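Each chain, letter by letter, is given below.
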Amino acid sequence: MSLQQKAYAWIGSPVGVSLMDGTGASGILCSIQGGSIYLIEYLYHTQFATKHYAFNQIRDILPFPQCPQPQVLYQSKPMY
């Protein structure tokens, strides 16, 4: 699957973006326009920013995995 196909498939989803320079970004993939993806990223406190990355800057785009289901370590039994 091409990078563009991946991006279109995950619009509206949380993704991790691996960049060609070895850095990365994560956020919600908002849209694709003019050869770039637009990603809303958390900055700090109550601030978010929409940033854009050209496809030629991107090595890969991966969706966030699902959270693991909590494991029950032991089952407590009533004392009566």
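Here, the structure is the one placed above.
Here's a quick rundown of the structure. (Residues numbered from 1 in each chain as written. Predicted model: local features only at pLDDT ≥ 70, side-chain atom pairs only at ≥ 80, totals over all residues. Heavy atoms only, no water.)

## A closer look at the packing of aromatic side chains
What describes a pair of aromatic rings is the distance from one ring centre to the other and the angle between the planes of the rings.
Then step 1. One pass over the full model with this rule turns up one aromatic pair.
Then step 2. A ring pair is formed by Tyr-42 and Phe-48, whose centres lie 5.3 Å apart and whose planes are at 65°; its orientation type is edge-to-face. (Phe/Tyr/Trp six-rings, centres within 6.5 Å; stacked < 30°, edge-to-face > 60°.)

## Let's talk about the sheet that holds strand β2 (residues 24-33)
Then step 1. An order of β4-β3-β2-β1-β5 is seen for the five strands of this open sheet, with the pairing classed as antiparallel. Whereas interior strands pair on both sides, the edge strands pair on one side only; in this sheet they are β4 (47-54) and β5 (58-63). Strand-to-strand twist across the sheet, computed as the mean angle between neighbouring axes with direction ignored, equals 40°.
Then step 2. As judged from the five bridges shared by strand β1 (residues 14-19) and β2, these two strands associate in the antiparallel manner. Among the inter-strand pairings, Pro-14 is bridged to a residue of β2, identified as Ile-28. (Pairing = 2+ DSSP bridges. Helix = DSSP H or I, 4+ residues; strand = E, 2+ residues; numbered from the N terminus. Axes fitted to C-alpha atoms, helices over the stretch in contact; angles between N-to-C directions.)

## Some thoughts on the environment of Ile-40
Then step 1. Structurally, the position occupied by Ile-40 is in strand β3 (residues 36-44).
Then step 2. Along the backbone, Ile-40 and Thr-50 are ten residues apart, and their C-alpha atoms lie at a distance of 4.2 Å.
Then step 3. Sequence-distant contacts of Ile-40, defined by excluding residues within four places in its chain, comprise Ser-26, Gly-27, Ile-28, Cys-30, Phe-48, Ala-49 and Thr-50. (Contact = heavy atoms within 4.5 Å.)

## A closer look at the pattern of salt bridges
Then step 1. Summed over all chains, the structure comprises two salt bridges.
Then step 2. With its nearest N and O atoms 2.5 Å apart, the salt bridge here joins Lys-6 to Asp-60. One end of the pair, Lys-6, is in helix α1 (residues 3-9); the other, Asp-60, is in strand β5, and 54 residues separate them in sequence.
Then step 3. For Lys-6, a relative accessible area of 16% puts it in the buried group. (Salt bridge = Lys/Arg side-chain N within 4 Å of Asp/Glu carboxyl O. Buried < 20%, exposed > 50% of the residue type's maximum accessible area, 1.4 Å probe, protein only.)

## Some details on the nonpolar core
Then step 1. Counting residues in each nonpolar core, the largest one holds 14 residues, and the members touching the most others are Ile-37 and Ile-58.
Then step 2. When contributions to this core are tallied by element, the ones reaching two or more residues are α1, β1, β2, β3 and β5.
Then step 3. The residues contacting Ile-58, other than those within four sequence positions of it, are Leu-3, Val-17, Ser-18, Leu-19, Met-20, Ile-37 and Tyr-53. (Core = buried A, V, L, I, M, F, W, Y, C linked by side-chain atoms within 4.5 Å.)

## Focus on a nonpolar patch on the surface
Then step 1. A contiguous nonpolar surface patch, about 470 Å² in accessible area, is contributed by Tyr-42, Leu-43, Tyr-44 and Phe-48.
Then step 2. Assignment of secondary structure puts Leu-43 in strand β3.
Then step 3. With relative accessibility at 39%, the residue Leu-43 sits in the partly exposed group. (Patch = residues over 30% accessible without salt bridge, like charges linked within 9 Å, V, L, I, M, F, W, Y side chains within 5 Å. Areas by Shrake-Rupley, 256 points an atom, 1.4 Å probe, with all protein chains shown as cover.)

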